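Descriptive structure summary
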Amino acid sequence: MADREMMEGRKAAPARLGRVLVLGLGKSGRACADYLRPLIGTRVDELAVAAGAPGEEALAWAEAARADGADVRFDHEDIEGSYDLCIASPGISQFSDFYRSAQAASAEVVSEVEFAWRESAATSRWVAVTGTNGKTTTTAMAAHLLRAAGLAADAVGNIGDTCIEAVAAGATDVYVAETSSYQLASTRDFAPDVAVVLNITPDHLAWHRSHQAYADAKWKVLANLGRTPGAVAVLCATDDAVRERVRALKAMPPAERGFAYVPLGTARGLGFDMRAACGADNAAFVDDTGEMVVALGGAEHRLGPASALQVRGEHNVANALAAAAAAVALGAPDAAVAAGLASFAPLAHRIEPCGSVAGVACYNDSKATNVDATLVALAAFGETRPVVLLGGRDKGTDLAPLAQACAAHAKAAVCFGEAGERFACALAPAGVAVERAPGLEQALDAALSLAEPGDVVLLSPACASFDEFSCFEERGDVFKELVADRARGAREGS
């Protein structure tokens, strides 16, 4: 972009985008195309959209887009022509033939996050949150804290509006973006003000082809941080992979690194201060009194007790510290951050309380689509041992850690769906009381039969939902409806 005339008042937006290709017509692809359609004939010389299967809704959209001058084609296999810019949808792997075809036809290929950042106001600020687990809660919480501090902040990306929709609306000063590995893989110049990395464990290997490629995509969130004056990286040092990066950053001269970093906790947990552990300049931790503390730039910000959080579990304390460190880095006052932390309510499908049946508390953690997410959910209830519902579409991951965690924390497990048999076979030798059920409804009934008043029933499947449901949200919504139905039946029968 160095030899192109840039627009004043934007981060890095060329005055002329030239010939633009949008790859894919999912949520982000359509949002980008909708942003570009009014620019045809001014900043955009030609807009092409390489869509997927021609569903009814997509065909109606395509008809309107063609009326604006866009070239929309369905069922592409190879990209023809040449383009100045390609914006790729996150569902299309960078290793796929389709992506590579677009790459060969385009001067550059970027993600929607990259494109939105370039088009955003030069004065806007960006917080990018990534990690295998905890992204959505941390993103929502950071936006909540910043709004509590009086800033015009919105959660965008994989939560809420797409980044480009929020940029187009023009009502946001701080974009708090949940950024997946898919989106980060196709970034080039993206330079947030705060980058948060929570954890990196194996996931999405079908898209990335290897764990190393997945991790490399995640770490691109730090690639340009040094270009942003005053930028801060918030890094959860309780995670092995993230702590390794903390060590590497500490070994770099500050001038070479170009940004400050805040480690959350240490290898020993969140209750330890990385300044004392290894001489870090900054840290975030829970002190001996149970108070959450962010130490940044020589000042200590005391932000209230971790026990005041409405979200459950040690992992959510880490999420809260990460969100608080991001808010503090952007200048939010301590009192506003502390009040925001205490007022933040659990998000849907993330250890979400969803009622009780005859004295048994039920929690919906349908978002736990991998083993690591279920491990933290199992440990979130202290001395209470939940009856956990496990199953769905199997991701084929190692179940030994899950079996150990269930033996340590669960009263029993009900294994259901396509993965039910493999999960049951993995858990039983560890001494876990196991029952089988064909589907979610039968699994809930089995769990309730095993539970007593005061117990917890936890849906935390450690699997994808696609054997029975279209997405984890549908699975969680159905679970909540089933709990409500069983609660009504219990009341009527009493």
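Relevant structure appears above.
A brief report on the enclosed structure follows. From a predicted model like this one, the values you see are computed outputs, not experimental measurements. (Residues numbered from 1 in each chain as written. Predicted model: local features only at pLDDT ≥ 70, side-chain atom pairs only at ≥ 80, totals over all residues. Heavy atoms only, no water.)

Some remarks on the overall build of the protein
Of the regular secondary structure elements, the protein holds 19 helices and 20 strands. Expected size for 494 residues packed as a compact globule is a radius of gyration near 23 Å; at 24 Å, the protein falls within 12% of this value. Each principal axis of the C-alpha atoms in the protein carries an extent, and together these give about 70 × 55 × 40 Å. Burial status across the protein gives 56% buried among its 494 residues. Sequence separation of at least 24 residues holds for 67% of the intrachain contacts in the protein that already meet a minimum separation of 6. Just so you have it, the protein exposes about 19500 Å², and 50% of that area is on carbon and sulfur atoms. Of the side-chain charges in the protein, 43 are positive and 63 negative, and the distance between the mean point of each set is 3 Å. (Helix = DSSP H or I, 4+ residues; strand = E, 2+ residues; numbered from the N terminus. Rg over C-alpha atoms; globule rule 2.2 N^0.38 Å. Buried < 20%, exposed > 50% of the residue type's maximum accessible area, 1.4 Å probe, protein only. Contact = heavy atoms within 4.5 Å. Areas by Shrake-Rupley, 256 points an atom, 1.4 Å probe, with all protein chains shown as cover. Lys, Arg positive; Asp, Glu negative; His and termini not counted. Charge placed at Lys NZ, Arg CZ, Asp CG, Glu CD.)

Digging into the sheet that holds strand β17 (residues 387-391)
Read from one edge to the other, the open sheet built from six strands follows the order β15-β16-β20-β17-β18-β19, with strand pairing classed as mixed. Either end of the sheet is taken by a strand with one partner, and the two such strands are β15 (352-357) and β19 (434-437). Adjacent strand axes in the sheet meet at a mean angle of 20 degrees, parallel and antiparallel pairs treated alike. Sheet topology places β17 next to strand β20 (residues 456-459); three bridges connect them, and they run parallel. (Pairing = 2+ DSSP bridges. Axes fitted to C-alpha atoms, helices over the stretch in contact; angles between N-to-C directions.)

Notes on the pattern of salt bridges
The tally for this structure, following the rule as stated, stands at 30 salt bridges. In this structure, the salt-bridge partner of Asp445 is Arg486, at a minimum N-O distance of 2.8 Å. On the criterion of sequence distance, the pair formed by Asp445 in helix α18 (residues 440-450) and Arg486 in helix α19 (residues 472-493) is long-range, its members being 41 residues apart. Among the residues examined, Asp445 registers a relative accessible area of 34% and is labelled partly exposed. Under the relative-accessibility criterion, Arg486 is labelled buried at 17%. Within this structure, Glu108, Glu114, Arg118, Arg188, Asp189 and Arg227 form a network of salt bridges that share partners. (Salt bridge = Lys/Arg side-chain N within 4 Å of Asp/Glu carboxyl O.)

Some remarks on the side chain of Thr187
By the element assignment, Thr187 lies in the loop between α7 (181-185) and β9 (194-197). Given a relative accessible area of 7%, Thr187 falls into the buried group. A distance of 2.7 Å separates a polar atom in the side chain of Thr187 from the backbone oxygen of Leu184. (Polar contact = N/O pair within 3.5 Å; in protein donor to acceptor, adjacent residues only side chain to side chain.)

Comments concerning the sheet that holds strand β1 (residues 18-23)
One open sheet accounts for five strands, arranged β3-β2-β1-β4-β5; its pairing is parallel. Looking at the sheet topology across the chains shown, the edges are occupied by β3 (71-73) and β5 (109-111). Each neighbouring strand pair of the sheet contributes to a mean axis angle of 20 degrees, computed without reference to strand direction. Two elements, strand β4 (residues 85-88) and β5, share three bridges in a ladder whose sense is parallel. Paired with Cys86 across the strands is Val109, a residue of β5. Packing of helix α2 (residues 56-67) onto the sheet brings it into contact with β2 (44-50) and β3, and relative to β3 it is tilted by some 155 degrees.

Observations regarding the pairing of β17
In terms of burial, β17 is largely enclosed, as five of its five residues are buried. Looking at chain direction, β17 and strand β18 (residues 412-416) are connected through five bridges and run parallel. Within β18, the residue paired with Leu390 across the bridge is Cys415. In this region the chain leaves β17, passes through helix α16 (residues 400-409) and returns to the parallel neighbour β18; the handedness of that crossover is right-handed. (Right-handed = clockwise from strand over helix to strand, strands pointing away.)

Let's talk about a negative patch on the surface
Together, Asp75, Glu77, Asp78, Glu80 and Asp97 make up a region of like negative charge exposed at the surface. For Glu77, the location among the structural elements is in the loop between β3 and β4. In this structure Glu77 comes out as exposed when scored by relative accessible area, which is 66%. (Patch = residues over 30% accessible without salt bridge, like charges linked within 9 Å, V, L, I, M, F, W, Y side chains within 5 Å.)

Description of the packing of aromatic side chains
One pair of aromatic rings is described through two measures. These are the centre distance and the angle between the planes. For the coordinates displayed, the defined rule picks out five aromatic pairs. Judged by centre distance (6.0 Å) and plane angle (85 degrees), the ring pair of Trp126 and Phe190 falls under edge-to-face. Here Trp126, found in strand β6 (residues 125-130), pairs with Phe190, found in the loop between α7 and β9; they are 64 residues apart in sequence, far enough to count as distant. By relative accessible area, which is 0% here, Trp126 ends up buried. A centroid spacing of 4.9 Å and a plane angle of 75 degrees characterise the contact between Tyr363 and Phe381, whose relative ring orientation is edge-to-face. Here Tyr363, found in strand β16 (residues 360-364), pairs with Phe381, found in the loop between α15 (371-378) and β17; they are 18 residues apart in sequence, far enough to count as distant. You'll find Tyr363 and Phe381 in the same group, each marked buried. Sitting over the face of the ring of Trp219, Arg245 holds its NZ or CZ atom 4.3 Å from the ring centroid. Its end group placed over the ring of Phe472, Lys367 keeps NZ or CZ at 5.5 Å from the ring centre. (Phe/Tyr/Trp six-rings, centres within 6.5 Å; stacked < 30°, edge-to-face > 60°. Lys NZ or Arg CZ within 6 Å of the ring centre and 35° of its normal.)

Here's the deal with the packing of α16 against helix α17 (residues 420-427)
Running from N to C, α16 and α17 point in directions that differ by 65 degrees, and their axes come no closer than 9 Å. The two elements α16 and α17 cross, and the hand of that crossing is right-handed. Contacts from Leu402, Ala403 and Cys406 in α16 reach Phe423, Ala426 and Leu427 in α17. Of the residues in the contact of α16 with α17, the class split is six nonpolar, no polar and no charged. (Left-handed = near helix turned anticlockwise from the far one by under 90°. Nonpolar A, V, L, I, M, F, W, Y, C, P; charged D, E, K, R; others polar.)

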